[in-house]
Structures are given as structure tokens and as C-alpha cells.
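# Residue-level structure breakdown
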Amino acid sequence: MEAFFITDSDFVSFLSWLEKRGDLFVTTRDEEDCVKIKPYAEAGEFQYPGVRAVQPLKPFFFTMLEEVAQYPSAEEKTYEAKPFTILGAAACDLRGIEALDKVFLEGDFKDPFYEEKRAKSLLISCDCTEPYETCFCTLMGIRPYPEKTFDINLSMLEGGYVVEVGSDKGKQVIDGNKSLFKPATDNHLSQRQSLRKEVEAKVEGQSKQYKPSGSWQDAIAEAFEDPGWERNVETCVECGACLFICPTCQCFLLYDEKLKDRYERLRMWDACVYRNFARVGGGANPRPRLVERFKHRYYHKLDYFPKTYGFEGCVGCGRCIVACPGKIDMREVLKEICKV
Amino acid sequence: MKNVYTPIEAKILEVIDETPTIKTFVVEPREEIKFKAGQFMEMTVPGLGEAPFTPSSSPSQKGKIDFTVMKVGRVTEALHEMTEGQTVGLRGPFGTEYPLDKWKGKEILIVGGGVGGAPLRALFLALTERINDFKKILYCYGARTPADIVYKDQIQKEWPAIDPRQIETRLTVDEGDARWKGNVGVVTTVVENIGLDVKTSIGVVCGPPIMMKFATFKLVDLGFPDEAIYLSMEKNMSCGIGKCGHCMLGQYMVCKDGPVLTYDLIKDKPALWD
């Protein structure tokens, strides 16, 4: 891939160009030093994240609550999204988008809302430099720097950023701002490389104790009846936080409401940990017990998703660990259950 | 942009009382809908929501589609209150069909129970429209009581008359009444002496979960290969397009990879029969 360098001062010009392109969302650190993705106008400035933000990218493409249809419909209303840019995505979050792309865009039926938002988005990602203690992307085959699914990637160096182009869309943006981007030098690239290796080693180091000898799929396949599931579910309060905050969880429910002269169909995030999630009209429930629903999440991520799409449905971002009021740590659960 | 979440309007032409809890709704969609036997659709009760049903009429029937629906939950209760001339919505068809072309030249055993007779009627009619492609069809159906038998006259009289040499039907009830002269016992009790070559035949099962479980075990006991047993799975199919996650069975989204699945693919999946 082509690599460029942009200086800090040229980057200010680039930001104002991005602002004109459409809605611009950037990473910024709040008073508690949490990285959040906010509208640029609200954030005031872009701060290089160095780690994944509090929220995943999911809500930008798959909204928590949205109207997906009105009926009866005399004419088909075409949904149109505004162009938007996200600046500061982490590698794990790009994997999250890759997973959602599979679910929403592959097969006989594409989701028209996701497709439109994806088409209008520009994804600018950043290498991680300060991973959290809960980060474990390397356990899921991801490095803490973006390798794909970005349009443009930034790696912060002294005085500016190494810029890598990851798509045609990204290429067009660079071409449209040619004067701001100079070819990256070998020195830039070797600096980037050593920073990347340093951070990767850090994540690998803190994840080493959780690493299975083979694939997660093999590790979890034998563990379905393991008594450890019962122990680990004890502090689960079925809040669904781990699922709603997950970059890849895509489950939703459809429900209809009456408007003045017609009806609307809404789509809302749903969570497989809820008791009636899989219940059918006749009353049968495949997973009436909490432990069965708890397990379902792990099997979906590490067995079912790879069986269908060829890679894990967990990105190792660690958000579920931070979000859990029951202090359930996915890494610890897997370590115990899979006898890592 | 085609919006897969928008239902097509369909007018209710006729409502047929089948049993005390089951009605057939004959509906006329505003646009032509082509489906294959085994595929399902999402039916909207306006303002209330959707539920998945497999059409019970022949896929070749033009202009209208039958849905045979048991009153079991919120949507079906509201649907049972609806009458001729009212409008419902339809999305679909979704999912896998019964692969009739693959079954050419074979003997076919169909085992159904309760409202599971609905998709099986679409299948049966599709099979009989090309009866020369199949050696024999044995249709076994069980209901709780004689009053609960769906399509009773069709199963007893009309269907065998289509071709008495090739088609046989058997009925049973869990509990008889004073007028019932037929077999009493669960459906597996009539899946005996089937006179089919089990090694090369096709078995099809659809009905309530407990019935499907024991009917499938019966077919396995009789010697049907797992991959020749076709199950029509009932899970919570909501979006119909493999995305919402409610109908997962192992790695399969039943709405997309099913509802028709062969037993070999799903026999080891958790909560298969629940």
C-alpha cells in the first residue's frame, strides 16, 4: 500500500477539508482521560486516541433504534445517509466493521440501511500506542495497528503522521489533497515499524497467559458441558451491557407501532442474554436457563461465527470486561473453561 | 434500494376454520409472490408485528396463498380475530425449500403432527403435481383428538384419490372419541410397516417439537440415513434474512440456512428440539 507523511500543521488543513466533506466524528479524551468519539464541533479538537474509544463503531452504521419501514407504503421511500468521517478508529474496531459487513452485506439480502451508511462513510484509523490492560486483540488474530478495512490509517510520529491508504475511497481523498501529503521516507516507515512492534509485544505479553494452543474453535468445542460455565455465570445480572457494547453483536428485534394514518416498523438492538430472546410464539424456549444464554454468546463469537465467516466474532477490545457489573472477564472465563 | 423490511399488502379473501385453534387464511398479495414448498414468509398484523408462517397451499397456485395458523401467541391471536376483506402484510419468501428435484425417483415418507400439517400440505401438493417423478408418497399425520385434525377430508379422501397406486395416507389421534374408528396413538405408531426401501427413501418431518424429536428417532430406527431426513425447524425467525440472530441453531440461522434442514447437519446442535 502507498504510504505518505503529513505534518502536524498540514493536518490542521486536512481536518478542515474533512469537516467540509460531511459530518466529522473524532476521538478526544474527556476529563477522566477516556477516549470518546464525538462530533468534531463538540470535541473542539482531534486527539490521537492511542487506544480504542469507549464506544465501538457499530452505532454509526447500525443504530440502536431506527425506523426501517413504514406501511402500507404507496411508494418505496429511498433511504439516504449523509457522508460522514470517523477519525480515530482502532484496529479492533475495524475488525468489528469487517464482521458487521459479513452479516449485513453478504448473502441474498443486504441490509439497505447499513449498506447506505457504509457507502457514505470514510474510515480513518490510528495505530494503538497505549493499549489498556483489558486489550487482547492479539488473541483474536488482530494486531494493535490496522492492516485492513480502513480507508486511511494514521501512525503518529514526531511532528506528524505516517499515512497509509487502504481503499480507493481513501486514495481519492489523498489525491484530492495532494499538496498536504508527501511520500513517506524509509525513516518514517522504520520508526512506525518499531513503535508498532513495541505495542504489539505489550498486548501479546499481557495476553500470553490466555492464549490457547490451537484455535479458539478447537479450544471451545470440547468445553460445552464444562461445569465451569455454571460458576462463571453466577455474577451475571442479565443486563446485556457486554452485548450492546460489543463491536460485532448484531442482534436486533423488529417491532411495529401505529402512527396517525399508517404504521412504522422499528429496529432496536436486542441481546441474546435476555430470557425470551429465542422463545417462539408457542412458548418453546431453546435457552431457558441463564447459563445456556451466557454460553451462547461465547459459542457464537468463537465457534459459530468462525464456522460461517472464517474468523472470530470477538475482536479482543475488552469493552465487555469493562462494562460488566458482575466483573466477568471473558479472558478468565475462557482460560478456565478451555483449560488454557 | 429494495427495502427488505417493508411488507407487501395482502387482502384476506377467506378464513377457514380448521380446528378449534387453527384457521386457514387465504390471502391475495398485491404483487405476485413466488415461493417454493418449505420456504416461509413473515406475516404482518398491521401495527402489532410479524410472525413466521410457511404457506400451506401449492406453490403453483396463482394469485393467492393459504396460511394455516394456530392461535398460540400475541400475533396469531390477533390474526385469528381478523376477517375477510381485511389486510395483512407479507415479506418473503425466505429460507430453504424441500429439494424436489433431488428427490426424483424416490419414495417419500411424510410425517406430520398438529399445525405442522401446513408446510406439509404445500409439499404434498407440489409432489403430487409431478407425481410421476416419485415412486410413492406415504403421508402419516397425527393430531391430539379427531377435532384437531387439520385438512381431515383432504387427507382421508381427496389425497389418496389423486393416485391410489402411489399415494397412501394414514391418520392417528392421541385420544379418540365415540365416533373415531381410526388408529389411536402418537404419530410414530402409524409409521410401521411402511413398505418403503428406507435406504433410498426420503423422510420429511414437521410438527410440534416433541413430535419431531420422536418421529426423527423413529426414522433413524427404521434405517433412514440422517441426510435423508428433512426437518422443518421452528425457531424464532424474526427478520427472515439471517441477521437479527433470534433463530440461531448452532451456527445456522434457521431463517436463512433453514427452515428445511437435514438431520445430519443439526443432530448435534444444542437445544435442537426445544
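Residues numbered from 1 in each chain as written. Chains lettered and ligands numbered in written order. Predicted model: local features only at pLDDT ≥ 70, side-chain atom pairs only at ≥ 80, totals over all residues.

### Concerning the overall build of chain A
To keep things clear, this is the line we draw: For the purposes of this entry, the term helix denotes a DSSP run of H or I that reaches at least four residues, the term strand denotes a run of E that reaches at least two, and both are numbered from the N terminus. Only C-alpha atoms enter the radius of gyration; for comparison, a globular chain is expected to reach 2.2 Å times N to the power 0.38, where N is the number of residues. Contact criterion: two residues are in contact if their C-beta atoms, reconstructed from the backbone, are within 7 Å.
Of regular secondary structure, chain A possesses 13 helices and 11 strands. At 21 Å, chain A has a C-alpha radius of gyration in line with the 20 Å of a compact globule built from 340 residues. Principal-axis analysis of the C-alpha atoms places the extent of chain A at approximately 65 × 60 × 40 Å. Considering only residue pairs separated by 6 or more positions, chain A has 74% of its internal contacts joining residues 24 or more positions apart.

### Details of the overall build of chain B
Formally: Burial in this document is a count-based property: other C-beta atoms within 10 Å of a residue's C-beta are tallied, and the residue is buried at 20 or more, exposed at 12 or fewer, or partly exposed in between, with C-beta positions derived from the backbone.
For chain B, the helix and strand inventory stands at 6 helices and 15 strands. Expressed along its principal axes, the backbone C-alpha trace of chain B runs to roughly 50 × 45 × 35 Å. Put simply, chain B has 274 residues, and 50% of those count as buried. The contacts of chain B with a sequence gap of at least 6 include a subset with a gap of at least 24, amounting to 69%.

### Re the interface of chain A and chain B
Heads up, the condition is: Charged residues are taken to be Asp, Glu, Lys and Arg, nonpolar residues to be Ala, Val, Leu, Ile, Met, Phe, Trp, Tyr, Cys and Pro, and polar residues to be all remaining types, Gly included.
On the chain B side, the residues contacting the 38 residues of chain A number 37 residues. Elements that contribute at least two residues to the side of chain A that touches chain B include exactly strand S4 (65-71), helix H4 (91-105), strand S10 (252-258), strand S11 (263-269) and helix H11 (290-309) of chain A. In the side of chain A that touches chain B, the residues fall into 22 nonpolar, 8 polar and 8 charged.

### What to know about the domain arrangement of chain B
All names here are of chain B. Definition in use: In this document the domain limits rely on a domain assignment from an automatic tool or a database.
Partitioning chain B into domains gives domain 1 (8-94) and domain 2 (100-232). Between the C-alpha centres of domain 1 and domain 2 the distance comes to 23 Å. On the side of domain 2, 13 residues touch domain 1, which itself brings 15 residues to the contact. Looking at the side of domain 1 that touches domain 2, the elements with two or more residues in it are strand S1 (8-19) and strand S5 (65-70). Residue composition of the side of domain 1 that touches domain 2, by class: 6 nonpolar, 8 polar and 1 charged.

### Things to note about the sheet that holds strand S1 (residues 3-7) of chain A
Residues and elements named next belong to chain A. Short version of the rule: Two strands make a pair as long as DSSP finds a minimum of two bridges between them. Simply put, an axis is a line fit to the C-alpha atoms, just over the touching stretch for a helix, and the angle between two N-to-C directions goes from 0 to 180 degrees.
Spatial strand order, S3-S2-S5-S6-S7-S8-S1-S9: 8 strands in an open sheet with mixed pairing. Looking at which strands have only one partner, the edges of the open sheet turn out to be strand S3 (35-39) and strand S9 (182-183). Pairing of strand S2 (residues 23-29) with strand S5 (residues 84-89), which is carried by 4 bridges, proceeds in the parallel orientation. Across the sheet, the residue bridging to Phe25 is Ile86, located in S5. Seen against the sheet, helix H1 (residues 8-21) touches S1, S2, S5 and strand S8 (160-165) and runs at an angle of roughly 100 degrees to S1.

### Thoughts on the domain arrangement of chain A
Residue and element names in this part refer to chain A. The domains assigned to chain A are domain 1 (3-210) and domain 2 (216-337). Once you take the C-alpha centre of each, domain 1 and domain 2 turn out to be 25 Å apart. The partner domain 2 presents 27 residues to the 33 residues of domain 1 that form the contact. Elements that contribute at least two residues to the side of domain 1 that touches domain 2 include exactly S4 and H4. Among the elements that line the side of domain 1 that touches domain 2, the one with the most residues is H4, at 8 residues. In terms of residue class, the side of domain 1 that touches domain 2 is made up of 21 nonpolar, 5 polar and 7 charged.

### Topic: the sheet that holds S11 of chain A
All names here are of chain A. Spatial strand order, S4-S11-S10: 3 strands in an open sheet with antiparallel pairing. Lying at the two open borders of the sheet, with one neighbouring strand each, are S4 and S10. Recorded for the sheet is a direction-independent mean angle of 25 degrees between the axes of neighbouring strands. Pairing of S10 with S11 involves 7 bridges; the strand directions are antiparallel. Counted as the bridge partner of Leu254 is Arg267 from S11.

### A closer look at helix H13 (residues 330-337) of chain A
Residue and element names in this part refer to chain A. Our working rule: Taken from the helix axis, the directions to the C-beta atoms give the arc we talk about.
Buried within H13 are the following residues: Met330, Leu334 and Ile337. Buried positions in H13, seen along its axis, are confined to an arc of 70 degrees and lie on one side of it. Buried-residue contacts for H13 involve helix H9 (228-232) and helix H12 (319-323). A positive backbone phi angle near 50 degrees is found at Lys339, which sits one or two residues after H13.

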